[in-house]
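Single-letter residue listing:
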Amino acid sequence: MSTVATSHTAVRARSVAWLLLAVPGAGLLLFFLQPLLTVAWRSLTDASGAFTLANYARLLDDPGLPRAALHSVETGLVTTMATILFGLGIAMALHRSRLPGKAFIRAALLLPMLAPSLVLGLGLVLLLGRNGLVHRLTGLPTDIYGFPGLVIANTLYGLPQAVLIISAALGRTPARHYDAAASMGATPWRQFIDVTLPRLRFALLAAAFLVFTETLTDFGSAVIVGGNYRVLAMEIYSEVVGQLDFAMGATLGMVLLLHALLSVWLGRLAKRRQDSGDASPGRALVPARHAGRDTLLAVVSLAALLPMIAVVGTVAYVSFVKLWPYQQSLTLANYTGMTEGFGPVWTSLGMSFIAAAAGTALVFALCAGLRKAPPTLARPVQFIASLPAAVPGMVIGLGYVMAFNHGPWSGWFHGSVFIIAACSLYHYHAQAFLTMQTGMRQVPDALEDAVAAFGGGTREVLRDAVLPFTAPAAISTFFYLFMRSMVTLSGVIFLVTADVGLASVTVMRLDENGFLAQAAAYAMCVVAAGAIALGAMRLLLHTLKERRHVA
């Protein structure tokens, strides 16, 4: 009898394990792979559905499209160089200097993470546009539209991520390397050249590819400050929304996807080489006092961070101006009398909560199921789960329009908050998946075996062995998905309808129609929601840490 019961328990455990994989796996197939393959197929077919390469041949017929591709690459290269130089300087200021006010630097770096890229573009227009704040205060002619605006906006947006990657590599560089160099008479400059830079080379490469990919695929900044300097993301939007040419939109999307895939693959390769360094870096370096070095790093940090603060601060100021730029008296009317009320903000909050809650549950189930899955199954699933990192949001959004706005799914999904939440979730699925996998690696296998040996089923193993170790990762995953969903634009721009509007899209619409003060008010609502979410995440993580410490 006990043998039969044990057999039933084993069968039930295997069934639950397969279920943990099947549900999130089905989600990936339906809401990620299917839209992606739909875009690829549409780029290779004509209106009747027959196979053709004519769509790709059309790319060469229109001189504007190769020019847009060249503009995208130019902007990406210059932005990447600027971001890496400033990112290296700020990371050095944080980890290799005795500068005061490092908390201020870290706080300033949070600003781009709380705001969509279009908010930074909007801030640049309000600050340095033809009727911007600088022009009105000084009378100097200012014009930020085009290439300079795109480079500045994308540099500000990519800077926090570059600093994060470079800082992690600096933290893994042991102090003994510097001690050895100093004992051989190396000056601080020689130590930087011979120790720091070689240790950072793969981190710099990983950060460079990340920034290049994000710049190449960014839509928010491009639509606000791009002006007549057209880039690929703007061409896709024009083809689909302006000309309803979905075939050309899909073709341009595939071109953008190929660039992004190559860049992400190279970035991952560089990051893997960086991660294969010292597993135990040992004693961290305590920088010695050096006035010249600290002054230089302070200048670099201020040069990068003051524009960031000025841009977001200008958006906050203009959100209280009665009618920018003509009536600059301060008022709350932009908040109390919003054109569309708080509806888009509430919709964004609800959509973001759905994406975060569903995403955390699905990613947790997927990672838990993969722990016991055979390698032949686990490897392809891990690849597909990480693939969204290489797919531009605009391509995913275009795939959703083609896959779900027509055919048998349209009645269920068209104009639905749930489909927008799904698009946002699978746009940011890779980062959430990697975060949860990192948490899963903290779970001791012996503890799982112990719970199972005492008769615990899959539910008890997850509750008593897995969840206590993955709770911080689950909290981080939830708030990451929530904050990203609040600021997303490129992934959902094709999915909003007259009945279902989002705050980020409303900012873009109001800017296009010249209602800059109201656009700024909606933008600040998004920033405030992100700041509250970030505070809540830190509070929860701190509380969890304190409870563990007491226990």
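Above this text is the structure in question.
Note that this is a predicted model, so its numbers are computed, not measured.

A. Examining the overall build of the chain more closely. Along the backbone of the chain there are 24 helices and two strands. Taking 2.2 N^0.38 as the reference for a compact globule, 551 residues should give roughly 24 Å; the C-alpha atoms of the chain span a radius of gyration of 25 Å, in line with that estimate. Counting only C-alpha atoms and orienting by the principal axes, one finds that the chain spans roughly 90 × 75 × 50 Å. Counting across all 551 residues of the chain, residues that qualify as buried make up 50%. Carbon and sulfur atoms make up 68% of the accessible area of the chain, which totals about 25200 Å². Each charge class in the chain can be summarised by its mean position, and for the 37 positive and 25 negative side chains these summaries are 11 Å apart.

B. A look at the pattern of salt bridges. Per the stated rule, a full pass over the model turns up seven salt bridges. Note that Asp143 and Arg130 form a salt bridge whose closest N and O atoms lie 3.5 Å from each other. Of the two residues, Asp143 sits in the loop between α6 (133-138) and α7 (147-171) while Arg130 sits in the loop between α5 (117-128) and α6, which places them 13 residues apart along the sequence. The class for Asp143 is partly exposed, based on a relative accessible area of 44%. In this structure Arg130 comes out as exposed when scored by relative accessible area, which is 51%. For Asp294, the salt bridge is made with Arg293, and the minimal N-O distance between the two is 2.9 Å. Given a relative accessible area of 10%, Asp294 falls into the buried group. For Arg293, a relative accessible area of 23% puts it in the partly exposed group.

C. How the structure looks around a nonpolar patch on the surface. A cluster of nonpolar residues, Tyr317, Phe320, Leu330 and Leu332, forms a patch on the protein surface that exposes about 390 Å² of accessible area. With respect to the helices, strands and loops of the structure, Phe320 is situated in the loop between α13 (291-318) and β1 (321-323).

D. A look at empty space enclosed by the protein. Following the criterion strictly, the structure yields two cavities of 30 Å³ or more and no others. In this structure, the largest cavity occupies an estimated 80 Å³ of space. Lining the largest cavity, in full, are Ser72, Thr75, Leu150, Asn154, Thr215, Leu216, Asp218, Ala222, Val231, Leu232 and Ala233. Broken down by secondary-structure element, the contributors of at least two residues to the lining of the largest cavity are α3 (64-95), α7, α9 (188-217) and α11 (232-242).

E. A look at the side chain of Thr470. Tracing the sequence through the fold places Thr470 in helix α22 (residues 458-487). Discounting chain neighbours no more than four positions away, the residues touching Thr470 are Phe364, Gly439, Met440 and Val443.

F. A look at the packing of aromatic side chains. Scanning the model with the defined rule gives twelve aromatic pairs in all. With a centroid separation of 5.1 Å and 85 degrees between ring planes, the pair formed by Phe478 and Phe479 is classed as edge-to-face. A relative accessible area of 10% places Phe479 in the buried class. Grouped by ring-pair contacts, the aromatic residues Phe31, Tyr400, Phe404 and Tyr426 constitute a single cluster.

G. Representation of the environment of Val311 within the structure. With respect to the secondary-structure elements, Val311 resides in helix α13. Sequence spacing of Val311 and Val119 is 192 residues, and the spatial spacing of their C-alpha atoms is 8.7 Å. Not counting chain neighbours up to four residues away, the residues in contact with Val311 comprise Val119, Leu120, Gly123, Leu124, Leu127 and Leu156.

H. Inspection of unusual backbone geometry at higher detail. Omega for the peptide link from Trp324 to Pro325 comes to 0 degrees, which places this bond in the cis form. We note that Leu244 has phi near 55 degrees; this positive angle belongs to a residue other than glycine. Structurally, Leu244 is set in the loop between α11 and α12 (246-275). Residue class for Leu244 comes out exposed when judged on its relative accessible area of 60%.

I. Representation of the layout of surface pockets in the model. Within this model, the second largest pocket holds a volume of roughly 690 Å³. Around the second largest pocket, the lining comprises 25 residues; the ones closest to its centre are Met92, Arg96, Pro188, Phe192 and Arg293. Tallied by class, residues from the lining of the second largest pocket come to 16 nonpolar, five polar and four charged.

J. Region of the structure containing helix α8 (residues 175-183). For α8, the set of buried residues is Ala175, Tyr178 and Ala181. Along the axis of α8, the buried positions cluster into a sector of 125 degrees, meaning they face one direction only. The inward-facing, buried residues of α8 abut α9. Phi turns positive one or two residues past the end of α8, at Gly185, with a value near 85 degrees.

K. Layout of the packing of helix α15 (residues 343-371) against α22. The interhelical angle for the contact between α15 and α22, taken along N-to-C directions, is 145 degrees, at an axis separation of 8 Å. Note that α15 runs across α22; the crossing there is right-handed. Of the residues in α22, those in contact with Ser348, Leu349, Met351, Ser352, Phe353, Ala355, Ala356, Ala357, Gly359, Thr360, Phe364 and Ala368 of α15 are Leu462, Val466, Leu467, Thr470, Ala474, Thr477, Phe478, Leu481, Phe482, Ser485 and Met486.

L. Summary view of the environment of Ile144. Positionally, Ile144 belongs in the loop between α6 and α7. For Ile144 and Ala333, which are 189 residues apart along the polypeptide, the C-alpha to C-alpha distance reads 28 Å.

M. Here's a closer look at the side chain of Ser386. Following the sequence through the fold, Ser386 ends up in helix α16 (residues 375-386). Side-chain polar atoms of Ser386 contact the backbone oxygen of Gln382, separated by 2.9 Å.

N. Expanded view of the nonpolar core. By size, the foremost hydrophobic cluster in this structure holds 165 residues, and its most contacted members are Phe32, Ile90, Tyr400, Ile420, Ile493 and Phe494. What Phe494 contacts, discounting residues up to four positions off in sequence, is Ile236, Tyr237, Val240, Val241, Met394, Gly397, Leu398 and Val401.

O. Fine view of helix α19 (residues 417-427). Counting buried positions along α19 gives nine out of eleven residues, so the element sits mostly inside the fold. Those residues of α19 not exposed but buried are Ile419, Ile420, Ala421, Ala422, Cys423, Ser424, Leu425, Tyr426 and His427.

Cut-off values and rules
Residues numbered from 1 in each chain as written. Predicted model: local features only at pLDDT ≥ 70, side-chain atom pairs only at ≥ 80, totals over all residues. Heavy atoms only, no water. Helix = DSSP H or I, 4+ residues; strand = E, 2+ residues; numbered from the N terminus. Rg over C-alpha atoms; globule rule 2.2 N^0.38 Å. Buried < 20%, exposed > 50% of the residue type's maximum accessible area, 1.4 Å probe, protein only. Areas by Shrake-Rupley, 256 points an atom, 1.4 Å probe, with all protein chains shown as cover. Lys, Arg positive; Asp, Glu negative; His and termini not counted. Charge placed at Lys NZ, Arg CZ, Asp CG, Glu CD. Salt bridge = Lys/Arg side-chain N within 4 Å of Asp/Glu carboxyl O. Patch = residues over 30% accessible without salt bridge, like charges linked within 9 Å, V, L, I, M, F, W, Y side chains within 5 Å. 1 Å grid on protein atoms, 1.4 Å probe; cavity = no way out; pocket = protein on both sides within 12 Å on 5 of 7 lines; lining within 4 Å. Points joined across faces, edges and corners; volume = space filled by probe spheres on them. Contact = heavy atoms within 4.5 Å. Phe/Tyr/Trp six-rings, centres within 6.5 Å; stacked < 30°, edge-to-face > 60°. Nonpolar A, V, L, I, M, F, W, Y, C, P; charged D, E, K, R; others polar. Arc of directions from axis to C-beta. Axes fitted to C-alpha atoms, helices over the stretch in contact; angles between N-to-C directions. Left-handed = near helix turned anticlockwise from the far one by under 90°. Polar contact = N/O pair within 3.5 Å; in protein donor to acceptor, adjacent residues only side chain to side chain. Core = buried A, V, L, I, M, F, W, Y, C linked by side-chain atoms within 4.5 Å.

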